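# Understanding the architecture of this molecule
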Amino acid sequence: MERLRTMMAARSSVEEDTPEDPAAGSRPPARRPARSLPVLAGALAAGWVLPAALISLGLGILVLPLLVLAVASLLRIGGVLLDRLVAAALVVAGGVLVLGLLFSLWPWGIDPIPTSGGLFTVVVLTGWLGRRVPRLPLRFRPSDLMVVGTTYVMWHYLYKPLIGKGPGWRLEFLTTAEDRLNHFSYFVGIQHVGGYNFLHQEAAKAYMMSPSEAVYPQGTHFLLAWVDSLVRSAADLGAPLDTMNRYLLYVLAAYALLGTALVWAARWIGGPRLRGWRTAAVCGTVAALVFSSNYTDLVIHGFDSTVVGLLMVALLAAFMVRPAMGTVEFLLVAALGLITVTYVYNLFGAVAGLAVVGALVVHRRRFRRAHWLRYALAAAVALGVAGLPSLVSVLSKLDVASTSNLGGPSVGADRAIMIGGLLLGALAALSPSLRRTATGQALFVVVLATGVAVGGFAWWQIRTIGQLSYYFEKLAGTGIVIALISIGAVGPLLRTVSPARVPVLRRRISDAVLSVLAVATALSLFAGVQWGMDSFKGMPSVWRNNPLMAWSRGDAWSDIGPREGATVMGDLDGIRGPMMVLYSNDDYKNLKSTWLAALLRSRGGDMLPLYETHWVNIGAAERAEPEHRAAMEHVRKAAERLGEPMTVVVADQATGDRMRRELVGFQPQITVVVKPGNNWVHPWERSFPGV
């Protein structure tokens, strides 16, 4: 009897994993609809008229879900609506980045109407040429609530410290790190030049520190810039302060989606055999590890591209391990997923590339030998497009060897989770029930590839600089991602035997109770949730002390935010030229204040010479002669590198008077403006009452 149940479960697994596309070869080919020119014309017209109408009405953001639904209706991936939507979202992201090369060169830039119309045109033509009838699976799984619930919990805690705060005060959460200011400059640069910065390098230099316009991966910023054009239903940026607030919300949403993607990917890898309380155990465990992770510090440190890059790695790896889709979809997801990862964060392309190649080898029987030339051509095109931005970086000013060993503040990957999770994934892949399946073999290949990539990079850094540094911790993040989603393969190994002849209602109630207990157990064990019980000796609980909770309490505010009285307004005293802001005797705070002032006036390009502020530790109070003299040398050097008149804003009257005396006759001219700190009032209180 048990053997019969096992055979039936296996059959159910095969049936659910079988894609609906006849190209998969598991079903006889169905009669395909004829290509109708009137239908094509109507669909093309709708693909332009509908988004244009929504954008004209100020509802451009609705274009995004419509586009995802349109793509999902043509894909044949999985059999559950949520799974189909996730796949469509990855395809849309890749499509936007690829067509972004065209958008960067045509005269309309990233204007929402022509870009939306162009994207819908590609979708319509693809469906028409492939004779695909739009169809969505209206099937749901109870665990969909856990996946969507992860988004809600993440967003609740991420957005909580912003509630009730006006635009000015919210900047203290945007300016938590210098990296965030850099990312924002890439984001606005793309909107100003109308496309990828690396395709408009001279124009982009006005908005960011060179050579960032050529060497830094810009996929994250392009995606967010395009989404922002839909949110605003316009191509112009609007007020810089409002733009900064929108960008902060996009970053928080991206991190919430990263947590969601990890939970979903674990469930997807578990496959149709992952059901009932075992699904709750897997999803609850991954969610608990995400909630308690130190990776909320990625948001605090301003590692915005890292967040989006890890999100894309999770989705791509999941589909490579278990490609429950037709051959066409498999190749499409592999190509666009790889392009998305490399455009967003090219360092992660090492893991993504190995995972894609390994998955293609494992699933090679899906491909027809007669079409090998077609497959090879498609692979060559995909690799060429994926490598284009990296090639531009290398051919410009990027020294790969030295850059890969740079130091800097980093968010360390939890070694226990990474190593333990990868070993657990390998153990599951090699278990008797999985090792003979393509899914098990692909999982083992992806885990092995991740270990080789991360371990190889660690060996390189130790060999060259004798330690692990900044970029190792970034790459190790992919190890965390693969470790967490591999937990999905463990779920089906948890055997469960239902008592014979148990009524359906009673069985479902029992399963629901077990699911609740499984989630509660996971949250207690892995996230430190104590369910109201007092901590030992009055110490705060582990849950209260994790970075996500600290962020939600507002503990991660910036050291140059309004609480320190160092935030500057965009048109401070009408200054339009280069401006150095010295509101502190801490040089790094002065650097970030200067950076913020430049961004609020769309002059990010000034920061290349103004980076001298990093060594200017005067402005808030008088300093001893040696420190003052050394700081003034950097002030003069910044002006000389600018080659034009500059304004310096200080908070201390005595320091300002002293600087004026010392700068008499200096060229280029330096004007010193004093803004006494004891009279400081938040600059947006006049424009935004109640901030």
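Our structure's up above, just so we're on the same page.
Residues numbered from 1 in each chain as written. Predicted model: local features only at pLDDT ≥ 70, side-chain atom pairs only at ≥ 80, totals over all residues. Heavy atoms only, no water.

### Some thoughts on the pairing of strand β3 (residues 670-674)
Quick note on the threshold: Only protein chains enter the accessibility calculation, which uses a 1.4 Å probe; a residue is then buried when its area is under 20% of its type maximum, exposed when over 50%, and partly exposed in between. Only DSSP runs of H or I covering at least 4 residues are called helices, and only runs of E covering at least 2 are called strands; the numbering of each starts at the N terminus. In this scheme, strands are said to pair when DSSP sees at least two bridges between them.
Taken across its 5 residues, β3 has 4 buried, putting it largely inside the fold. When strand β2 (residues 646-650) meets β3, the two strands line up parallel, connected through 5 bridges. Within β3, the residue paired with V649 across the bridge is V673.

### Observations concerning the side chain of R246
Just so we agree on the cut-off: Each polar contact in these results corresponds to two N or O atoms within 3.5 Å; when the atoms are within protein, one needs to be able to donate a hydrogen and the other to accept it, and residues that are neighboring in sequence are counted only if both atoms are side-chain atoms. The criterion used for residue contact is that any of the two residues' heavy atoms lie within 4.5 Å.
Following the sequence through the fold, R246 ends up in helix α12 (residues 240-270). Reaching out from R246, the side chain makes a polar contact with the side chain of D228 at a distance of 2.6 Å. R246 has contacts with D228, V231, R232 and L237, leaving out every residue within four places of it along the chain.

### Observations regarding helix α29 (residues 653-662)
The condition is simple: Think of the arc as the fan of directions from the helix axis to the C-beta atoms.
Residues of α29 that are buried include every one of T655, G656, R658 and M659, and no others. Buried residues of α29, viewed axially, fall in a sector of 165 degrees; they line one side. Packed against the buried residues of α29 are β1 (579-582), α28 (625-642), β2 and β3.

### Things to note about a nonpolar patch on the surface
The following threshold applies: Every patch collects residues that have over 30% relative accessible area and no salt bridge, joining them within 9 Å if they carry like charges and within 5 Å if they are nonpolar side chains (Val, Leu, Ile, Met, Phe, Trp, Tyr). Throughout, the Shrake-Rupley method with a 1.4 Å probe supplies accessible areas, and for residues the shown protein chains are the sole cover considered. For this document, the term salt bridge refers to a Lys or Arg side-chain nitrogen within 4 Å of an Asp or Glu carboxyl oxygen.
Together, L50, L66, L69, L136, L138 and F140 make up an exposed nonpolar region whose accessible area comes to about 570 Å². Residue position: L66 is located in helix α3 (residues 63-74). L66 gets classed as partly exposed once you look at its relative accessible area, which sits at 33%.

### Things to note about unusual backbone geometry
Between S210 and P211 the backbone carries a cis peptide bond, its omega angle lying at 10 degrees. Residue P668 is bonded to the preceding Q667 through a cis peptide linkage, with omega at -5 degrees. Relative to the helices and strands, P668 is located in the loop between α29 and β3. Positioned with a positive phi, S602 is a non-glycine residue whose angle comes to about 55 degrees. Tracing the sequence through the fold places S602 in the loop between α26 (587-600) and α27 (607-610). You can call S602 partly exposed: its relative accessible area is 34%.

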